[in-house]
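# Chain and residue survey
So you can see what is in the structure, the chains are spelled out below.
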Amino acid sequence: MAKTNPGRFFEDYAVGQVLHHAVPRTVTNGERALYHALYPARHALYSSDAFAQACGLPGSPIDDLAAFHVVFGKTVPDVSLNAVANLGYAEGRWLKPVYAGDTLRSVSEVIGLKQNSNGKTGVVYVRTRGLNQRDETVMEYVRWVMVRKRDLEAPAPETVVPELKKALAPADLVVPEGLDFSTYDFALAGEPHRWGDYAVGETIDHVDGVTVEEAEHMLATRLWQNTAKVHFDLTFRPEGRLIYGGHVISMARALSFNGLANAQMIVGLNGGAHANPCFAGDTIKAWSEVLDKAETGVPGVGALRLRLVATKGGAPFELRDEAGKYRPDVLLDLDYWALMPV
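What this report covers is the structure whose coordinates are included nearby.

The rules behind each value
- Residues numbered from 1 in each chain as written.
- Predicted model: local features only at pLDDT ≥ 70, side-chain atom pairs only at ≥ 80, totals over all residues.
- Heavy atoms only, no water.
- Core = buried A, V, L, I, M, F, W, Y, C linked by side-chain atoms within 4.5 Å.
- Buried < 20%, exposed > 50% of the residue type's maximum accessible area, 1.4 Å probe, protein only.
- Helix = DSSP H or I, 4+ residues; strand = E, 2+ residues; numbered from the N terminus.
- Contact = heavy atoms within 4.5 Å.
- Pairing = 2+ DSSP bridges.
- Axes fitted to C-alpha atoms, helices over the stretch in contact; angles between N-to-C directions.
- Salt bridge = Lys/Arg side-chain N within 4 Å of Asp/Glu carboxyl O.
- Phe/Tyr/Trp six-rings, centres within 6.5 Å; stacked < 30°, edge-to-face > 60°.
- Lys NZ or Arg CZ within 6 Å of the ring centre and 35° of its normal.
- Polar contact = N/O pair within 3.5 Å; in protein donor to acceptor, adjacent residues only side chain to side chain.
- Expected span 1.5 Å × (residues − 1).

### Observations concerning the nonpolar core
- Among the nonpolar cores identified, the biggest contains 57 residues, and Trp 224, Leu 260, Ile 284 and Tyr 336 are the most heavily contacted of them.
- Among the elements that take part in this core, helix 3 (residues 64-79) stands out by supplying eight residues, more than any other.
- Filtering out sequence-adjacent residues up to four positions away, Tyr 336 remains in contact with Arg 253, Ser 256, Leu 260, Ile 266, Gly 268, Leu 269, Asn 270, Leu 304, Arg 305, Leu 306 and Leu 308.

Next up, the structure:
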């Protein structure tokens, strides 16, 4: 029996299959330092214990996306080791903050399969949960990936495409226990703009840009134990190592601070698409659109539904061409809910 793991191929999945991912990981404050070294992340709630405590939390949590990357990275050897591309996300919810000292593990269930018409690849849909050391679910999300077949003659499985919500309703969002923005310090947060200052349909150019370097991408994929071959092995993708999509998400979120400094916590992921590949040398810029607003019933806390678009230097506010396809300079189209002081 072979001792090494070649990863699963499309024909190795079945709807209803449950995947318990190795290896649990204890998160420390080193995670925060490395995250801030990789990205220009400046949201106050994730930078200062004192600021977080003034907002009713026991301390500063690990950044929502850093926690997401840890949970996501666990799934790669079982879900996307042989992936061609990660295609999209839906129904993502952050249910509990993650703090230094928490130990995270991941479990996924296969909820859909669809072989592609070329017979060489198929799409695998999984619902993943991240759990802490108390077996509490800290986050959950659905993603779908295109995976190669090992045996091109293997019969296609019955097509099952799950019905997924186009967007989370405000009632689906979970506000962390104790969070209270009623005495929020806007000066320390960096901007005066509150929930009431944003209007549905408003667009924001985040102005700044960051050129992606090969070294930082390799550090990020190793940090979160994302072992997908397309991110590491040039013999697997000779045109260049594909930049991990989570790296683009975090970079765009960090850039969005300029204009959305008070969109403190991500609590919902409605959908997302990695529209075009990103490679080292590309310069990431970002813009946002306000899609919706909602009250939460929690003191001082409102929710904004935001579209976050990352481009490789493209003009802001241009998303699709005349045929309705993503423009070639668009890297990411992410739809999420964030909490903000009213």
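And the narrative resumes.
### A few points about the environment of Thr 311
- Within the secondary structure, Thr 311 sits in strand 9 (residues 301-311).
- The exposure class of Thr 311 is buried, given its relative accessible area of 1%.
- Sequence separation of Thr 311 and Lys 293 is 18 residues, and the distance between their C-alpha atoms is 25 Å.
- When neighbours within four sequence positions are excluded, Thr 311 is seen to be in contact with Thr 283, Ile 284, Lys 285, Trp 287, Asp 329, Val 330 and Leu 331.

### Thoughts on the sheet that holds strand 3 (residues 103-115)
- Taken in spatial order, the ten strands line up as 1-3-4-5-2-7-10-9-8-6 in an open sheet, and their pairing is antiparallel. Every other strand in the sheet has two partners, leaving strand 1 (18-26) and strand 6 (203-211) as the edge strands with one partner each. Mean inter-strand twist for the sheet, computed between neighbouring axes without regard to direction, equals 25°.
- Note that strand 2 (residues 83-94) and strand 7 (residues 265-274) share five bridges and pair antiparallel. Considered in strand 7, the bridge of Tyr 89 is made with Gly 272.

### Quick word on the pairing of strand 2
- Summarising the sheet, strand 2 and strand 5 (residues 137-148) pair through eight bridges and their orientation is antiparallel. Paired with Trp 94 across the two strands is Met 139, which belongs to strand 5.

### Side note on the pattern of salt bridges
- Inspection of the entire model under this criterion finds 15 salt bridges.
- With a shortest N-O distance of 2.5 Å, Arg 305 and Asp 335 are connected by a salt bridge. You can see Arg 305 sitting in strand 9 and its partner Asp 335 sitting in strand 10 (residues 330-341), a full 30 residues away along the chain. The pair formed by Arg 305 and Asp 335 is uniform in burial state, with each residue classed as buried.
- A salt bridge links Asp 333 to Arg 307; the nearest nitrogen and oxygen atoms lie 2.9 Å apart. Of this pair, Asp 333 sits in strand 10 while Arg 307 sits in strand 9, and the two are 26 residues apart along the sequence.
- When salt bridges that share partners are traced, they join Glu 11, Asp 12 and Arg 150 into one network.

### Brief notes about the packing of aromatic side chains
- Under the defined criterion, the tally for this structure stands at 13 aromatic pairs.
- Measuring from ring centre to ring centre gives 5.8 Å for Phe 68 and Phe 72, while their planes differ by 45°; the resulting arrangement is tilted. With Phe 68 and Phe 72 both in helix 3 and four residues apart, the pair spans about one turn of that helix. The pair Phe 68 / Phe 72 is uniform in exposure class, with both members buried.
- Through a chain of ring-to-ring contacts, the aromatic side chains of Phe 68, Phe 72, Tyr 89, Trp 94, Tyr 141 and Tyr 244 assemble into a single cluster.
- Over the ring of Trp 195 we find Lys 293; its NZ or CZ atom is 4.3 Å from the centre of that ring.

### Overview of unusual backbone geometry
- Residues Ala 22 and Val 23 are joined by a peptide bond in cis, for which omega reads 0°.
- Following the sequence through the fold, Val 23 ends up in strand 1.
- Although it is not a glycine, Asp 135 sits at a positive phi angle of roughly 65°.
- Position of Asp 135 relative to the elements: it lies in the loop between strand 4 (121-131) and strand 5.
- At Gln 225, a position not held by glycine, the phi torsion is positive, near 55°.
- Tracing the backbone through its elements, the reader meets Gln 225 in the loop between helix 5 (214-223) and helix 6 (229-232).
- For Gln 225, a relative accessible area of 38% corresponds to the partly exposed category.

### Let's talk about the side chain of Thr 221
- Turning to its location among the elements, Thr 221 is positioned in helix 5.
- Its relative accessible area of 0% is what places Thr 221 among the buried residues.
- Here the side chain of Thr 221 touches Met 218 through a polar contact of 3.0 Å, landing on its backbone oxygen.
- Those residues in contact with Thr 221, other than ones at most four positions away along the chain, are Asn 226, His 231, Phe 232 and Tyr 244.

### With respect to the environment of Gly 30
- Checked against the element boundaries, Gly 30 lands in helix 1 (residues 29-38).
- By relative accessible area, Gly 30 is classed as partly exposed at 32%.
- Each C-alpha atom, one on Gly 30 and one on Ile 62, is 10.0 Å from the other, the two residues being 32 residues apart in sequence.

### Regarding helix 3
- Here helix 3 contains 16 residues, and its C-alpha end-to-end distance of 22 Å stays within 8% of the 22 Å for a straight helix at 1.5 Å per residue.
- Along helix 3, 15 of the 16 residues are buried, which leaves the element largely enclosed by surrounding structure.
- One side-chain oxygen of the residue at the start of helix 3 lies 2.9 Å from the amide nitrogen of Leu 65, identifying that residue as Asp 63.

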